[in-house]
Amino acid sequence: MDWYNPSDTDIPKGHFIDGQFMSFNDDTAVDVICPSTGKAYAQLNYASADTVEQALSQAHQAFRAGTWASMAPRERAKYLFKWAELIEKEQAYLAQLESLGSSRPYHEVLQWDIPYVVDCLRFFAELSDKHGGYVGATQQNRLGMVISQPYGVIGAITPWNFPMSMLMWKVGPALAAGNAVVLKPSEMTPFTSVYLAKLAVDAGIPANLFNVVQGDGKTVGQAICEHSLVGKVTFTGSTATGAAIMSTCAIKGPKPSTLELGGKSPQIVFADADIEKTARTVAKAITGNAGQVCVSGSRLIIHQDIAEEFSQQVMAHFSQLKTGSTWEKQTTLPPVISAGQAQRIESIVSQSIAQGAELLCGGDLISQGGSFFTPTLLAVKDKANCAVREEIFGPVLTMQTFDSDEQAWELASHETYGLAAGIHTQNIQRALTGMREIEAGSVWINRYGRSFDHIMPTGGFKQSGIGKDVGVEAFQANLKTKSVLIDF
Ligand code: NAD
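Residues numbered from 1 in each chain as written. Predicted model: local features only at pLDDT ≥ 70, side-chain atom pairs only at ≥ 80, totals over all residues. Heavy atoms only, no water.

> Help me understand the site of the ligand in this model?
Residues in close proximity to the ligand total 29 residues, the closest being Glu187, Ser238, Thr241, Leu261 and Glu391. Between the ligand and Gly217 there is a distance of 3.3 Å, counted from an oxygen atom to a backbone nitrogen or oxygen. Backbone polar atom of Gly237 to an oxygen atom of the ligand: 3.4 Å apart, as the coordinates give it. When the ligand sits alone it has 860 Å² of accessible area, and the protein chains cover 89% of it. Residue assignment for the shell around the ligand shows that the elements contributing at least two residues are helix H5 (163-176), helix H7 (217-226), strand E10 (230-236) and helix H8 (239-251). (Near = heavy atom within 4 Å. Polar contact = N/O pair within 3.5 Å; in protein donor to acceptor, adjacent residues only side chain to side chain. Areas by Shrake-Rupley, 256 points an atom, 1.4 Å probe, with all protein chains shown as cover. Helix = DSSP H or I, 4+ residues; strand = E, 2+ residues; numbered from the N terminus.)

Written out as structure tokens, the structure reads:
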């Protein structure tokens, strides 16, 4: 049984610039592959340098025109609320388009992604008029004001794993703070972004304020990052790309950037945890979206006394998952985004075994049109094992055991990443010690994963990122501070 017929889906064409879908004479046309079938379902023209220039200059004009930036913030919020309403209204189509082109199952997009995107947008809309500056302590015959104002054009670059949610992390706060935006979505999942931009214009947001250009990272993404009209870059993706973007921003600016990068997050399970509930949580945290989540709980760190029983329960959950297309009702384990990524997962698992890991279950790449990877559990003794060190971005969980709290914290600490961590225990003292001890931007105790509490900022420590998305911090990050002195 299918939720919808994939061949019935209308694909929005081209870039979205100045309120219109546009196809230019851009040279490169590439196939866009459906992860569920492994076949092309559309073609994408990568933006030429002229197209990028046009999008940026439209956004710049929109900002300079001042209609948006100088509008009363409360008014601006009304347009953003209207946009949220239109996204809700078109949720069935958006869910179809998102699930066709990505690894997100249709029903999950409807139940999670769309409400998340809409809620996140409303959160930022509400912040539009809830910030301000302050008056500094200056000498008596002087007034010192610290005010904030938008950057101008924000260059936004997003990954393929949650295309609409990642867009809203960037565009929601940027627009709410009064900026214009040029977005480049991942070339692997390009289409929901242009449709969201169209809905923004339908909501009455100025046509040239939010523009989307399609293309790859190395040319189109880079062209955005290095352009002098871009006041700030906001990026979500891998650590390697984040480093390249930061370097572009430094050399061609310098200009600021917010970077949300990779992770290798631990889930620490103590012997006093609720085993049944925690096993379910741990299994879900590594198999959701087939492990293609930046905060996937990919390293199980477990007390040795419960490791055997706990791992059996995790594997029992793994065995219940069903692979399938994103539009099939029975699918609980969606495809890996591409055949290349599936092969990379397989290769890391093989290397890990060659380096001494014990394969407890899974490890199979299934090619049935799309590429699927069976949920995998690897028992690892050596912290230097590649499956512990590298972000795999697939349903692969490593298991390491400890026999003291100190050893648990030591194993949890990762040499490279610090995005998120889970602690499972009934002991409040232990939980709070871990909360302080662990170097990660988000710590979840007796739960795992983000929630709809958009007040909670998200972002990484170490090489997992710089700056925050979501929360008041993300809104503030779209404003720059100005000092004003007046003598009287
Ligand atoms: P990626 O880094 O390969 O690509 C991300 C985006 O950057 C794409 O749009 C790509 O075209 C663009 N890009 C690539 N090279 C570029 C360059 N030189 N200049 C400008 N743009 C460039 O990442 P991906 O494979 O799409 O996404 C998966 C990664 O994203 C994982 O590492 C995951 O952990 C990370 N991620 C992090 C978070 C977070 O909140 N920290 C959230 C989601 C995904």
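> Which parts of the structure should I look at to understand a nonpolar patch on the surface?
Together, Val135, Leu143, Ile486 and Phe488 give the surface a local cluster of nonpolar side chains, amounting to about 380 Å² of exposed area. You can see Ile486 is positioned in strand E24 (residues 479-487). (Patch = residues over 30% accessible without salt bridge, like charges linked within 9 Å, V, L, I, M, F, W, Y side chains within 5 Å. Salt bridge = Lys/Arg side-chain N within 4 Å of Asp/Glu carboxyl O.)

> How do you make sense of the environment of Met188 when you look at a structure like this?
Among the secondary structure elements, Met188 is positioned in the loop between strand E8 (180-184) and helix H6 (191-202). Residue classification places Met188 among the partly exposed positions, given a relative accessible area of 30%. Excluding residues within four positions of it along the chain, Met188 makes contact with Val32, Gly101, Trp160, Ile337 and Ser338. (Buried < 20%, exposed > 50% of the residue type's maximum accessible area, 1.4 Å probe, protein only. Contact = heavy atoms within 4.5 Å.)

> Teacher, can you tell me more about the pattern of salt bridges here?
Where charged atoms from two side chains of opposite charge approach closely, those side chains can pair. All chains considered together, the criterion is met by 16 salt bridges. For the salt bridge of Arg74 with Asp129, the shortest nitrogen-to-oxygen distance reads 3.3 Å. Here Asp129 lies in the loop between helix H4 (106-127) and strand E5 (134-136) and Arg74 lies in helix H2 (residues 73-89), a separation of 55 residues in the sequence. By relative accessible area, which is 43% here, Arg74 ends up partly exposed. Residues Glu187 and Lys184 are paired through a salt bridge, measuring 3.4 Å at the closest nitrogen-oxygen approach. Put simply, Arg74, Asp129 and Lys130 are held in one network by salt bridges that share partners.

> Can you walk me through the pairing of E10 in this structure?
On any regular strand, side chains alternate: one points to one face of the sheet, the next to the other face. Counted residue by residue, E10 has six buried out of seven residues, so it is predominantly covered. Direction of pairing for strand E7 (residues 153-157) relative to E10: parallel, over a ladder of five bridges. Among the inter-strand pairings, Ile154 is bridged to a residue of E10, identified as Lys232. Both E10 and strand E11 (residues 257-260) contribute to a ladder of four bridges, which runs parallel. Opposite Thr234, over in E11, you have Thr258 as the bridge partner. The parallel pair E10 and E11, bridged by H8, forms a crossover whose chirality is right-handed. (Pairing = 2+ DSSP bridges. Right-handed = clockwise from strand over helix to strand, strands pointing away.)

> Even after reading the chapter, I still don't get the sheet that holds strand E21 (residues 442-445), so can you show me in this structure?
Backbone hydrogen bonds hold the strands of a sheet together, and the pairing may be parallel or antiparallel. Reading across the sheet, the seven strands line up as E14-E17-E18-E13-E12-E20-E21 and stay open at both edges, with mixed pairing between neighbours. With one partner strand each, in any of the chains shown, strand E14 (358-361) and E21 form the two edges of the open sheet. Between one strand axis and the next, the sheet turns through 25° on average, direction left out of account. As defined by bridge partners, E14 adjoins strand E17 (residues 376-379) across three bridges and the pair is classed as antiparallel. (Axes fitted to C-alpha atoms, helices over the stretch in contact; angles between N-to-C directions.)

> Mind showing me how you'd approach the domain arrangement of the protein here?
One frequently used descriptor of interface size is the decrease in accessible area upon assembly of the parts. Domain assignment breaks the protein into domain 1 (6-261 + 465-487) and domain 2 (266-452). Facing the 28 residues of domain 1 at the interface are 24 residues of domain 2. Across the interface of domain 1 and domain 2, roughly 2200 Å² is buried in total on both sides, 64% from carbon and sulfur atoms. It is Ser36, Ser103 and Trp160 that lose the most area in domain 1 upon contact with domain 2, and together they represent 24% of the buried surface on that side. Across the contact surface, domain 1 and domain 2 share nine residue pairs in polar contact (both at pLDDT 80 or more). Here the element with the most residues in the side of domain 1 that touches domain 2 is H4; it accounts for six residues. Among the residues making up the side of domain 1 that touches domain 2, the classes are represented as 14 nonpolar, 11 polar and three charged. (Domains from an automatic or database assignment. Buried area = accessible area lost by both parts, 1.4 Å probe. Nonpolar A, V, L, I, M, F, W, Y, C, P; charged D, E, K, R; others polar.)

> What is the right way to look at the UniProt feature "active site" (unreviewed entry) in the protein in this model?
According to UniProt, the positions carrying the feature "active site" (unreviewed entry) are Glu260. Residue classification places Glu260 among the buried residues on the basis of a relative accessible area of 3%. Those residues within four positions of Glu260 in sequence are excluded, and the remaining contacts are Lys170, Phe235, Thr236, Gly237, Thr458, Gly459, Gly460, Ser464, Gly467, Lys468 and Asp469. (UniProt positions renumbered as here; feature names shortened; annotations may be inferred.)

> Can you walk me through the nonpolar core in this structure?
Nonpolar side chains in soluble globular proteins tend to be buried together. Among the nonpolar cores identified, the biggest contains 97 residues, and Leu80, Trp83, Ile87, Leu175, Val181 and Phe210 are the most heavily contacted of them. At 12 residues, the largest contribution of residues to this core is made by H4. Here this core gathers at least three residues from each of two domains, domain 1 (6-261 + 465-487) and domain 2 (266-452). What Phe210 contacts, discounting residues up to four positions off in sequence, is Phe16, Trp83, Leu167, Val171, Leu175, Val181, Leu183, Ala197 and Ala200. (Core = buried A, V, L, I, M, F, W, Y, C linked by side-chain atoms within 4.5 Å.)

> Help me out: how do you make sense of the side chain of Ser257 in this one?
Note that Ser257 resides in strand E11. Residue Ser257 is classed as buried on the basis of its relative accessible area of 17%. Residue contacts for Ser257: discarding those within four places in its chain leaves Lys232, Val233, Met246, Cys249 and Ile466.

> Explanation requested: the packing of aromatic side chains in the structure shown.
By the definition in use, this model includes 16 aromatic pairs. With centroids separated by 5.2 Å and ring planes inclined at 55°, the aromatic side chains of Tyr4 and Tyr106 adopt a geometry described as tilted. In this pair, Tyr4 sits in the segment before strand E1 (15-17) while Tyr106 sits in helix H4, placing the two residues 102 residues apart along the sequence. Connected via pairs of aromatic rings, a cluster forms that spans Trp3, Tyr4, Tyr106 and Trp327. A cation over an aromatic ring shows up here: Lys329 above the ring of Trp3, its NZ or CZ 4.8 Å from the ring centre. (Phe/Tyr/Trp six-rings, centres within 6.5 Å; stacked < 30°, edge-to-face > 60°. Lys NZ or Arg CZ within 6 Å of the ring centre and 35° of its normal.)

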